[in-house]
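Each chain, written out:
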Amino acid sequence: MLLQGTDLQILTQPLLRFDMKSSVLDWLGIILKRDLIIAFRRSSTYITPLVFFLIVITFFPLALGPQESLLSSLAPGVIWIAALLASLLAVESIFSEDFRDGSLDDFFISLEPSFILVFAKVMIHWLITGLPILIASSLAAIILYLPLESFVPMILSLLLGTFFMSLLGALGAALSIGKSAILSAIIVLPFSIPTLLMGTSVVTFSLNNQDYSGFLMMMGAMLAIGIPLLCLLTVEALLLNYD
Amino acid sequence: MGSPPLFYRWSSKIMPWLGILAIIFLSAGLFWGLLIAPTDYKQGDVYRILYVHVPSAILGQSIFMFMAACGLINVVWRAKISGMMLKSAAPIGMSFTLIALVTGSVWGKPTWGTWWVWDARLTSTLILFFIYAALIGLYSSIDDKTKADRAVSILSIVGLAIIPVIKKSVDWWQTLHQPSTFTLTSSPSMSPDMYQPLLLCVIGFYLIFAFTLTLNLRNEVIDRERSKNWVKQIFVN
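Residues numbered from 1 in each chain as written. Chains lettered and ligands numbered in written order. Predicted model: local features only at pLDDT ≥ 70, side-chain atom pairs only at ≥ 80, totals over all residues.

## Details of the overall build of chain A
The line we're drawing: Going along the chain from the N terminus, every DSSP run of H or I of four or more residues is numbered as a helix, and every run of E of two or more is numbered as a strand. Within these notes, the globule rule equals 2.2 Å times the number of residues to the 0.38 power, and the radius of gyration is based on C-alpha atoms. Buried, partly exposed and exposed are defined by the number of other C-beta atoms within 10 Å of a residue's own C-beta, namely 20 or more, between the two limits, and 12 or fewer respectively, with C-beta atoms placed from the backbone. We call two residues in contact when their backbone-placed C-beta atoms lie within 7 Å.
Assigned secondary structure in chain A consists of 11 helices and 0 strands. What you see in chain A, going N to C, is helices and strands ordered as α-α-α-α-α-α-α-α-α-α-α. The C-alpha radius of gyration of chain A comes to 19 Å, within 12% of the 18 Å expected for a compact globule of 243 residues. By its C-alpha atoms, chain A is 60 × 35 × 30 Å across when sized along the principal axes. Counting only residues that meet the buried cut, chain A has 45% of its 243 residues in that class. Residue pairs in contact within chain A that sit at least 24 positions apart in sequence constitute 80% of those at least 6 positions apart.

## Structural notes on the interface of chain A and chain B
Interface size is commonly expressed as the accessible area that is lost once the parts come together. Defined as follows: Gly counts as polar in this scheme, as do all residues outside two lists: the nonpolar Ala, Val, Leu, Ile, Met, Phe, Trp, Tyr, Cys and Pro, and the charged Asp, Glu, Lys and Arg.
Contacts between the two partners involve 21 residues from chain A, matched on the other side by 24 residues from chain B. Taken together, the residues of the side of chain A that touches chain B sort by class into 16 nonpolar, 2 polar and 3 charged.

## Re the packing of helix H7 (residues 114-143) of chain A against helix H8 (residues 151-175) of chain A
All names here are of chain A. Heads up, the condition is: Fitted lines through C-alpha atoms give the axes, limited to the stretch in contact for helices. The angle between two N-to-C directions lies from 0 to 180 degrees. Angular relationships are summarised with four words: roughly parallel below 35 degrees, roughly antiparallel beyond 145, roughly perpendicular across 65 to 115, and oblique for the angles in between. We call a crossing left-handed when the near helix sits turned anticlockwise from the far one by less than a right angle, and right-handed when that turn is clockwise.
Put simply, H7 and H8 touch, their axes get as near as 8 Å, and they point 150° apart. As summarised for this structure, H7 and H8 are arranged roughly antiparallel, according to the angle between their axes. Remark: the crossing between H7 and H8 carries right-handed chirality. In contact with Val118, Lys121, Val122, His125, Trp126, Gly130, Ile133, Leu134, Ser137, Ser138 and Ala141 of H7, H8 contributes Phe151, Met154, Ile155, Leu158, Leu159, Thr162, Phe163, Ser166, Leu167, Gly169 and Ala170. Classifying every residue of the contact of H7 with H8 by side-chain character gives 14 nonpolar, 7 polar and 1 charged.

## Things to note about the nonpolar core
Selection rule: Here a nonpolar core is just a set of buried residues of the types Ala, Val, Leu, Ile, Met, Phe, Trp, Tyr and Cys, joined wherever their C-beta atoms sit within 7 Å.
Among the nonpolar cores identified, the biggest contains 127 residues, and Ile79, Ala83, Leu171 and Leu175 of chain A together with Leu155 of chain B are the most heavily contacted of them. Top element by residues in this core is H8 of chain A. It accounts for 14 residues. Not counting the four nearest positions on each side in its chain, Ile79 of chain A is found in contact with Ile57, Ser137, Ala140, Ala141, Leu144 and Met154 of chain A.

## Structural notes on helix H1 (residues 4-36) of chain B
Residues that lie three or four places apart on an α-helix share one face, since the helix turns once every 3.6 residues. All names here are of chain B. Heads up, the condition is: What a helix is expected to span follows from its residue count: subtract one and scale by 1.5 Å. To get the bend at a given residue, fit one axis to the seven residues ending there, fit another to the seven starting there, and take the angle between those axes.
Taking 1.5 Å of rise per residue, the 33 residues of H1 would be expected to cover 48 Å, and the 44 Å separating its terminal C-alpha atoms lies within 8% of that figure. The sharpest bend along H1 reaches about 35° and sits at Ser12, with the proline Pro16 one to four residues further on. Among the residues making up H1, those that are buried are Pro4, Ala22, Phe25, Gly29 and Gly33. In this structure, the buried side of H1 is in contact with helix H2 (50-77), helix H3 (80-112) and helix H6 (192-224).

## Let's talk about the environment of Thr103 of chain B
Residue placement: Thr103 of chain B occurs in helix H3. Linking Thr103 of chain B and Ser169 of chain B, residues 66 residues apart in sequence, is a C-alpha distance of 25 Å.

## Re the confidence of the model for chain A
Under the convention used in this document: Each residue carries a pLDDT score, the predictor's confidence in it, ranging from 0 to 100.
Overall, the predicted model of chain A reaches an average pLDDT of 86, with 91% of residues at or above 70. Put simply, helix H1 (residues 6-16) of chain A is where chain A has its lowest mean pLDDT, 52, and H8 of chain A is where it has its highest, 93.

## Considering the environment of Val117 of chain B
Residue and element names in this part refer to chain B. Structurally, Val117 is set in the loop between H3 and helix H4 (120-141). Among the residues examined, Val117 registers 18 C-beta atoms within 10 Å and is labelled partly exposed. For the pair Val117 and Ser105, spaced 12 residues apart in sequence, the C-alpha to C-alpha distance is 8.8 Å.

Written out as structure tokens, the structure is:
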């Protein structure tokens, strides 16, 4: 058992609360708190994607040769591909644990909106994979000789892009609960192409001193549409397991 | 239409007609296009692959739209038949997309000098092919067929939302990397002698799709309802 004492109370708390007074935000906070504690008790959840990201980044100079000009021109694509793959690495764990131990059933039985549950799960996934990648991307950019001026656009595009990937990943995970992790990745990858194209375009445009704000706005728009649409579809996909 | 036995009886009547019409349109269109239509003064006879390439590319896209519509109906109204329709249409759409890709690269070799160009249209067709593969992969991974239908429906709705974005972003990406060197076919510049057989071919391909879809769907209906009485009655008598 990974949890004891007060943590256990926090874990069981949402399941005991049936008073209608609690607001949606409270509910979101409770799930976030519970899942963060679970994630931090098992450090592999947030370290594995991070290490994977850095290892993949390191492989590119080894495979392509260490020329500075080559690496800096490839850097946007390399960083983005590594970020995409790393964020898909932990996708399978978004719902599988809760599904196995029955917490997911309890969430659905409780009268709180399941939309919020999915959104909280997406946020957790982003916090344990997207955020570490975001921080590590600066390191990757240094290794790959990306000019300093491109750091801000890179981080902005990764911020929007990794969150969208977490949304897509949640849907893939919900559709393939109990199946292999690679399946959820294959389901999700073709749909992540616009994110990849626009994300790399942001960084490449900033490399060429061009205006990249249009791509960032498009990514923001995709996120704005994606949060309600993909969360609702994910709820629908999760409910498939409870017929 | 919604109930399987009704569909089965109804489709038995309509299917021969679909098949006959498809054969008429396709043979007329292909005969006209491949033998009668004038030779292109720049490309020679190579351009005639267009009579297969363009219809299959159109079909590849419109079958996806059809599938997404079925998916929406299946998710919102839980109509079983629309789920089966979605499932039956997927392999057909994937085949047409594959045909479009292969004929396109066969056409590209003599005219452009290369099998493959990272042109915006080619790229988005390739992505469409991968999306079909994802849908079919998801379907085959779930044992319960009604569940598999709903799962694929959900994913096809995402596809419907994201395909315009893919097209747009591929366009931007392509103009970023290289100026657009080739445009595939521009119909205004095409002479009516070449355009009319193409129209016949497109209609013929739609009919072939309708025919194979009905075949697949009947197969699916029989397979899922095999323990029902009406199926036994059909096959015992």
